[in-house]
Amino acid sequence: AQSVTQLDSHVSVSEGTPVLLRCNYSSSYSPSLFWYVQHPNKGLQLLLKYTSAATLVKGINGFEAEFKKSETSFHLTKPSAHMSDAAEYFCVVPGRGGYNKLIFGAGTRLAVHP
Amino acid sequence: EAGVTQFPSHSVIEKGQTVTLRCDPISGHDNLYWYRRVMGKEIKFLLHFVKESKQDESGMPNNRFLAERTGGTYSTLKVQPAELEDSGVYFCASSQDRGFGRGREQYFGPGTRLTVT
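Report follows, based on the coordinates. Keep in mind the model is a prediction, meaning the values are calculated, not measured.

### Some points on unusual backbone geometry
Glycine aside, a negative phi is what most residues show, and trans is what most peptide bonds show.
Item 1. In the segment running from Phe 7 of chain B into Pro 8 of chain B, the intervening peptide bond is cis, with an omega of -5°.
Item 2. Tracing the sequence through the fold places Pro 8 of chain B in the loop between strand E1 (5-7) and strand E2 (10-13).
Item 3. With an omega dihedral of -10°, the bond running from Gln 80 of chain B to Pro 81 of chain B counts as a cis peptide bond.
Item 4. Locating Pro 81 of chain B in the fold gives a position in the loop between strand E8 (75-79) and strand E9 (88-95).
Item 5. The phi dihedral of Asn 41 of chain A is positive, around 65°, even though this residue is not glycine.
Item 6. Residue placement: Asn 41 of chain A occurs in the loop between strand E5 (33-38) and strand E6 (45-50).
Item 7. Residue class for Asn 41 of chain A comes out exposed when judged on its relative accessible area of 73%.

This is the structure in structure tokens:
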């Protein structure tokens, strides 16, 4: 069965420093993978998605993620954090039988300090 | 274009009472999904509508939960009777098409926070 594990429940960075949010996946085949973000009192927003094309995926707001099959990882990075990046981030994989059922990781809450 | 809206944003009820959550998807989206996040755990799928039909309700926890989508527009999720373990955030999402490609992204609402005391 597909699953994702987010390795950190909380990450704290200073503004202007790099961001690394870690996600490992488990799948019997090469999956599609997504990152969603939820800002306070907002809906979940798709940040980026990997669908077996380029392994380095660029998303919105300067985020990117690299699919590494050998490490079963899909870590989210950003070179320089901004205060507005403070939010909760979710690594997501589609369930078996189609993409209608999304399977979420536990979430990583990112804090950005001045 | 209006996004997915959910009502109410918060609901506090006592154990044994009934609560109805509403979701209005993006206009023209045939696919509607319910998810929930209980007590800081993972967000979990509940069910999927295509228009007014239930395509997949494998995530519904028990028969105290009833989801409807009359007319294929808005959807309601009723919990009756509510139990303490039902507390959490209930998310609704919609998509234009099934699967995941252009036009198939699931757009999420802000959620309804349900507290059962």
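Picking up where we left off.
### Comments concerning the pattern of salt bridges
Item 1. Throughout the structure, instances matching the rule amount to eleven salt bridges over all chains.
Item 2. Bridged by salt links that share partners, the residues Glu 88 and Arg 109 of chain A together with Arg 37 of chain B form one connected network.

### Considering the interface of chain A and chain B
Item 1. Opposite the 18 residues of chain A that make contact, chain B presents 20 residues.
Item 2. Across the chain A/chain B interface, buried area totals approximately 1700 Å², and carbon plus sulfur atoms make up 58% of it.
Item 3. Area buried by chain A at its contact with chain B is led by Leu 44, Asn 100 and Phe 104 of chain A, which between them contribute 33% of it.
Item 4. Inspection of the region where chain A meets chain B yields two salt bridges.
Item 5. Ionic pairing is found between Glu 88 of chain A and Arg 37 of chain B, a salt bridge with its closest N-O pair at 2.9 Å.

Procedures and definitions
Residues numbered from 1 in each chain as written. Chains lettered and ligands numbered in written order. Predicted model: local features only at pLDDT ≥ 70, side-chain atom pairs only at ≥ 80, totals over all residues. Heavy atoms only, no water. Helix = DSSP H or I, 4+ residues; strand = E, 2+ residues; numbered from the N terminus. Buried < 20%, exposed > 50% of the residue type's maximum accessible area, 1.4 Å probe, protein only. Salt bridge = Lys/Arg side-chain N within 4 Å of Asp/Glu carboxyl O. Contact = heavy atoms within 4.5 Å. Buried area = accessible area lost by both parts, 1.4 Å probe.

Note that all results are geometric; they support no functional claim without further evidence.
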